[in-house]
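Chain by chain, the residues run as shown.
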Amino acid sequence: MSAPLITLVVAVARNGVIGRDNGLAWHLRSDLKRFKALTMGRPMLMGRKTHQSIGRPLPGRRTLVLTRDPAFAAEGVEVVHDWAGALSAVAGTDELMVVGGAEIYRLALPHADRIHLTEVAGDYAGDTHFPALEPGAFRETAREAHEAGPHDECAFAFVTLDRVR
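Here the residue index of a chain counts from 1 through its sequence in written order. Local features in this predicted model are restricted to residues of pLDDT 70 or higher, and side-chain atom pairs are both shown and tallied only at a pLDDT of 80 or more, whereas totals for entire chains, interfaces and linings draw on every residue. The basis for the side-chain values is all heavy atoms of the structure; hydrogens and waters are excluded.

### A closer look at the UniProt feature "domain: DHFR" (unreviewed entry) in the chain
UniProt positions are given in the numbering used here, feature names are shortened, and annotations may be inferred rather than shown by experiment. Using the residue numbers shown here, the UniProt feature "domain: DHFR" (unreviewed entry) corresponds to residues 5–163. Numbering goes from the N terminus for both helices and strands, where a helix is a DSSP run of H or I of at least four residues and a strand is a run of E of at least two. Span residues 5–163 is 20% helix and 33% strand, its end C-alpha atoms 11 Å apart.

Next up, the structure:
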């Protein structure tokens, strides 16, 4: 049985910020719709803090929460305690969607096959940053630039990065 495709889904401001105070630093309804479309029907891996910021399992998606806390439990989610446990839990699936936060992205990045990146066209104050990509490790395979829509705070681009093999 082959390992699932490891796909990171992340929105990153120009200055590398991905969050502030355990939430998003901006509001882009278009990005939230894309997130839903990308993750629907697929297992998602997130950290405990990300899960707690969302507040519930997202409908239509199997939710795995990676935490070092052996006592952590939450209704409707599967708890795993390390990367190997996460991979074991999704054995037999085609793709694992890694959705944050920063520590989980750092852990998954060396294993990532693809990144669905939303480039947020702004600098935002924040306390959480996306880890730097290793130069030459990924190549851009798709890009869609968008002006801010009626429920978007700023312009953005949807970018797909695939690992160079």
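### Some details on the layout of surface pockets
With a 1 Å grid laid over protein atoms only, a set of points is called a cavity when a 1.4 Å probe fits there but cannot get out and a pocket when it is open yet has protein on both sides within 12 Å along at least five of seven lines; lining residues have an atom within 4 Å of a point. Grid points are joined across faces, edges and corners, and a volume is the space filled by probe spheres set on the points. Size it by volume and the largest pocket reaches roughly 1,200 Å³. Elements supplying a minimum of two residues to the lining of the largest pocket: β1 (5–13), β2 (17–19), α1 (29–39), α2 (48–54) and α4 (102–108). The element contributing the most residues to the lining of the largest pocket is α4, with 6 residues. Residues are sorted three ways: Asp, Glu, Lys and Arg are charged, Ala, Val, Leu, Ile, Met, Phe, Trp, Tyr, Cys and Pro are nonpolar, and all the rest, Gly among them, are polar. Of the residues assigned to the lining of the largest pocket, the class counts are 15 nonpolar, 12 polar and 12 charged. The volume enclosed by the second largest pocket comes to roughly 210 Å³. What lines the second largest pocket is a set of 16 residues, among which Val12, Leu117, Glu119, Phe130 and Leu133 lie closest to the centre. At the level of secondary structure, the elements contributing two or more residues to the lining of the second largest pocket comprise β1, β7 (114–120), β9 (138–146) and β10 (156–163). In terms of residues, the lining of the second largest pocket owes the most to one element, β7, which gives 4 residues.

### A few points about the sheet that holds strand β6 (residues 95–98)
One open sheet holds the 8 strands; their spatial order is β5-β4-β3-β6-β1-β7-β10-β9, and the pairing between them is mixed. Of all the strands in the sheet, the pair left with one neighbour each is β5 (78–80) and β9. With direction set aside, neighbouring strand axes in the sheet form an average angle of 25°. Two strands form a pair only when DSSP identifies at least two bridges running between them. Two elements, β1 and β6, share 4 bridges in a ladder whose sense is parallel. Bridged to leucine 8 within β6 is valine 98. In what follows, a contact means two residues having at least one pair of non-hydrogen atoms within 4.5 Å. Note on geometry: axes are C-alpha line fits, over the in-contact stretch for helices, and angles between N-to-C directions span 0 to 180 degrees. Across the sheet, α1 touches β1, β3 (44–47), β6, β7 and β10, and the angle it forms with β10 is around 30°.

### What to know about the nonpolar core
To qualify as a nonpolar core, a set must consist of buried Ala, Val, Leu, Ile, Met, Phe, Trp, Tyr and Cys residues joined through side-chain atoms within 4.5 Å. Any residue under 20% of the maximum accessible area for its type is buried, any over 50% is exposed, and the rest in between are partly exposed; the area is computed with a 1.4 Å probe on protein chains only. Judged by nonpolar contacts, the single largest core of 28 residues is most densely connected at Leu8, Val10, Leu45, Val98 and Ile115. Sorting the residues of this core by element identifies β1, β4 (63–66), α3 (83–89), β6, α4, β7 and β10 as the ones contributing at least two each.

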